[in-house]
Amino acid sequence: MRDNFNNEIDIVTVSSSKIDSVDFDNLPFGSIFTDHMFVCDFRDGQWQKPQIKPYEPFMIDPSAKVFHYGQAIFEGMKAYRDEHDDVWLFRPDQNIHRLNKSAARMAMPEIPEEIFMAGLQKLIDLERNWVKKGLGNSLYIRPFMIAIGSGVIAAPSTQYRFMIILSPAKSYYSGEVKVLIADHYSRAANGGIGAAKAAGNYSAQFYPTKLANEKGFQQVIWTDDATHTKLEEAGTMNVFFRINDTLYTAPTSERILDGVTRKSLIAIAKRDGIQVEERSVLVSELVEAAKNGSLKEIFGAGTAAVVNPICGFSYEDVYYEVPKQEHSIALDLKEKLTKIQYRMADDTFGWMVKIEG
Ligand code: COI
């Protein structure tokens, strides 16, 4: 690790911030970006000097691999402002770990942890005015890496760009979320890239999700590709099922993203004596539980969506409503998680990392 790595970032700031033109009460998710971005290029076999500069479009050769072969990975994280006006990150160690796992799977270079952490610290410190106080307000952080080397030969690039961009955020979904259970299309397969946060994992879902949207469903719950009998993951979230008082979620695998919110909710639930089982839930079990009344809740968990109750699901053209609960474990876990993130509850797990001013 290099000493004082922070000091090695070249920083060029904007002459005037656009923050006053932003309506923070009306923020469609991921559509407004802050004044600056972090950029670090990889070429000649090494990472180059990182930069923070004004947020702006940039040029890439039209033959770059990212355009032709989708060599691209990303992360999703959030920063929160507490009552004392300090700004905090949630479990950034998990994101750098997963980013590098994705990089390895996509034949991309790993990003050194000190570049990732220093980039986050410096960029978010510079943009701290964009992190608004109050539960539900956050700064969504999108680190990503793309292959910028030119040439349409189908082989890994030798040049990459790692960037971090920031977007003030409120909620990802508004309103009810109804889901369709996949019985034909698949998100991932054994030996594939399902566990990587690769761009193509998301675009491959757009078409089946569009078909689901046309039928009035916001998301698809993916099932295993081989048999379509095991419930795995929702499009932008991991998914939990509460049957009686036990929570079930699929174990992480080659097909499933190792979600940071997922593992944090499991840790909180276990700490508080809630029974959690990481095992595959069969579609037939879910249908049976919906019919006999033991299905109490379904919810998605992810950084952008946080915890999102699912009010019903459709399978083979039959719609099953999830009954409203007087005491929702999903909402209880959401409150416990967000209280840790906003520093309103003790961080007994040691998850929060302060942005130094
Ligand atoms: C996140 O929750 O951060 C994600 O990566 C989902 C994204 C597609 C919005």
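A brief look at the structure comes next.

1. A short note on the site of the ligand
Part 1 of the reasoning: Close contacts around the ligand come from F74, G76, Y140, R142, Y172, K197, Y202, T236, T303 and A304, and that covers them all.
Part 2 of the reasoning: In this structure, an oxygen atom belonging to the ligand sits 3.3 Å away from a main-chain N or O atom of T303.
Part 3 of the reasoning: Contact between the ligand and A304: an oxygen atom at 2.8 Å from a main-chain N or O atom of the residue.
Part 4 of the reasoning: Starting from 280 Å² of accessible surface for the ligand in isolation, the protein chains cover 91%.
Part 5 of the reasoning: Here the shell around the ligand is composed, by residue class, of five nonpolar, three polar and two charged.
Part 6 of the reasoning: When residues of the shell around the ligand are assigned to domains, at least three fall in each of domain 1 (5–171) and domain 2 (177–341).

2. Quick word on the packing of aromatic side chains
Remark: the centre distance and the inter-plane angle together describe each pair of aromatic rings, the angle taken between the planes.
Part 1 of the reasoning: Tallied over the entire structure, the rule returns 15 aromatic pairs.
Part 2 of the reasoning: Taken together, a centroid distance of 6.3 Å and an interplanar angle of 45° make the contact between F217 and Y319 tilted. Separated by 102 residues along the polypeptide, F217 in the loop between helix 4 (199–214) and strand 11 (219–223) and Y319 in strand 19 (residues 318–321) bring together distant segments of the chain.
Part 3 of the reasoning: Directly above the aromatic system of Y319 lies the positively charged group of K178, at a separation of 5.6 Å from the ring centroid.

3. Some points on the pattern of salt bridges
Part 1 of the reasoning: Throughout the structure, instances matching the rule amount to 22 salt bridges.
Part 2 of the reasoning: In this structure, the salt-bridge partner of R187 is E233, at a minimum N-O distance of 3.4 Å. Of this pair, R187 sits in the loop between strand 10 (177–181) and helix 4 while E233 sits in strand 12 (residues 230–234), and the two are 46 residues apart along the sequence. The two residues R187 and E233 agree in class, both being buried.

4. Topic: the pairing of strand 7 (residues 87–90)
Part 1 of the reasoning: Alternating residues of strand 7 divide into V87 and L89 and W88 and F90, and every residue in both groups is buried.
Part 2 of the reasoning: Across three bridges, the pairing between strand 6 (residues 77–81) and strand 7 is antiparallel. Counted as the bridge partner of R81 is V87 from strand 7.
Part 3 of the reasoning: The loop that links strand 6 with its antiparallel partner strand 7 comprises five residues; one of these, D85, has a positive phi angle of about 70°.
Part 4 of the reasoning: Relative to strand 20 (residues 352–354), strand 7 runs antiparallel, the two being bridged by three bridges.

5. Regarding the packing of helix 2 (residues 92–105) against helix 3 (residues 113–126)
Part 1 of the reasoning: Direction vectors running N to C along helix 2 and helix 3 enclose 135°, while the axes themselves pass 11 Å from each other. Judged by the angle between their axes, helix 2 and helix 3 are oblique. Read as a crossing pair, helix 2 and helix 3 show a hand that is right-handed. On helix 3, the residues that touch P92, D93, N95, I96 and L99 of helix 2 are E113, F116, M117 and L120.

6. Side note on the nonpolar core
Part 1 of the reasoning: F38, I124, I141 and F162 are the most contacted members of the largest nonpolar core, which totals 40 residues.
Part 2 of the reasoning: Ranked by residues supplied to this core, first place goes to helix 3 with six residues.

7. Some words on the environment of E316
Part 1 of the reasoning: For E316, the position within the fold is in the loop between strand 18 (306–315) and strand 19.
Part 2 of the reasoning: You can call E316 exposed: its relative accessible area is 54%.
Part 3 of the reasoning: With 136 residues separating them in the primary sequence, E316 and L180 have C-alpha atoms 9.0 Å apart.

8. Looking at empty space enclosed by the protein
Part 1 of the reasoning: Summed over the entire model, instances satisfying the criterion amount to four cavities of 30 Å³ or more.
Part 2 of the reasoning: By volume, the largest cavity amounts to about 110 Å³.
Part 3 of the reasoning: In this structure, the largest cavity is lined by 13 residues; those nearest its centre are Y80, F90, T261, T303 and Q341.
Part 4 of the reasoning: Split by domain, the residues of the lining of the largest cavity number at least three in each of domain 1 (5–171) and domain 2 (177–341).
Part 5 of the reasoning: Lining the second largest cavity, in full, are Q94, H97, R98, K101, D258 and K263.

9. A look at helix 2
Part 1 of the reasoning: A rise of 1.5 Å per residue sets the reference length of helix 2, with its 14 residues, at 20 Å; its end C-alpha atoms lie 20 Å apart and thus fit the reference within 8%.
Part 2 of the reasoning: Residues of helix 2 that are buried: P92, Q94, N95, I96, R98, L99, N100, S102 and A103.
Part 3 of the reasoning: Just downstream of helix 2, A107 is the residue with a positive phi angle, here 55°.

10. Topic: unusual backbone geometry
Part 1 of the reasoning: Here the phi dihedral of H228 falls at roughly 55°; this positive angle occurs in a residue that is not glycine.
Part 2 of the reasoning: For H228, the position within the fold is in the loop between strand 11 and strand 12.
Part 3 of the reasoning: Although it is not a glycine, N244 sits at a positive phi angle of roughly 50°.
Part 4 of the reasoning: The topology assignment puts N244 in the loop between strand 13 (237–243) and strand 14 (246–249).

So, how was this worked out
Residues numbered from 1 in each chain as written. Predicted model: local features only at pLDDT ≥ 70, side-chain atom pairs only at ≥ 80, totals over all residues. Heavy atoms only, no water. Near = heavy atom within 4 Å. Polar contact = N/O pair within 3.5 Å; in protein donor to acceptor, adjacent residues only side chain to side chain. Areas by Shrake-Rupley, 256 points an atom, 1.4 Å probe, with all protein chains shown as cover. Nonpolar A, V, L, I, M, F, W, Y, C, P; charged D, E, K, R; others polar. Domains from an automatic or database assignment. Phe/Tyr/Trp six-rings, centres within 6.5 Å; stacked < 30°, edge-to-face > 60°. Helix = DSSP H or I, 4+ residues; strand = E, 2+ residues; numbered from the N terminus. Lys NZ or Arg CZ within 6 Å of the ring centre and 35° of its normal. Salt bridge = Lys/Arg side-chain N within 4 Å of Asp/Glu carboxyl O. Buried < 20%, exposed > 50% of the residue type's maximum accessible area, 1.4 Å probe, protein only. Pairing = 2+ DSSP bridges. Axes fitted to C-alpha atoms, helices over the stretch in contact; angles between N-to-C directions. Parallel < 35°, antiparallel > 145°, perpendicular 65-115°, else oblique. Left-handed = near helix turned anticlockwise from the far one by under 90°. Contact = heavy atoms within 4.5 Å. Core = buried A, V, L, I, M, F, W, Y, C linked by side-chain atoms within 4.5 Å. 1 Å grid on protein atoms, 1.4 Å probe; cavity = no way out; pocket = protein on both sides within 12 Å on 5 of 7 lines; lining within 4 Å. Points joined across faces, edges and corners; volume = space filled by probe spheres on them. Expected span 1.5 Å × (residues − 1).

Structural measurements only, silent on function.
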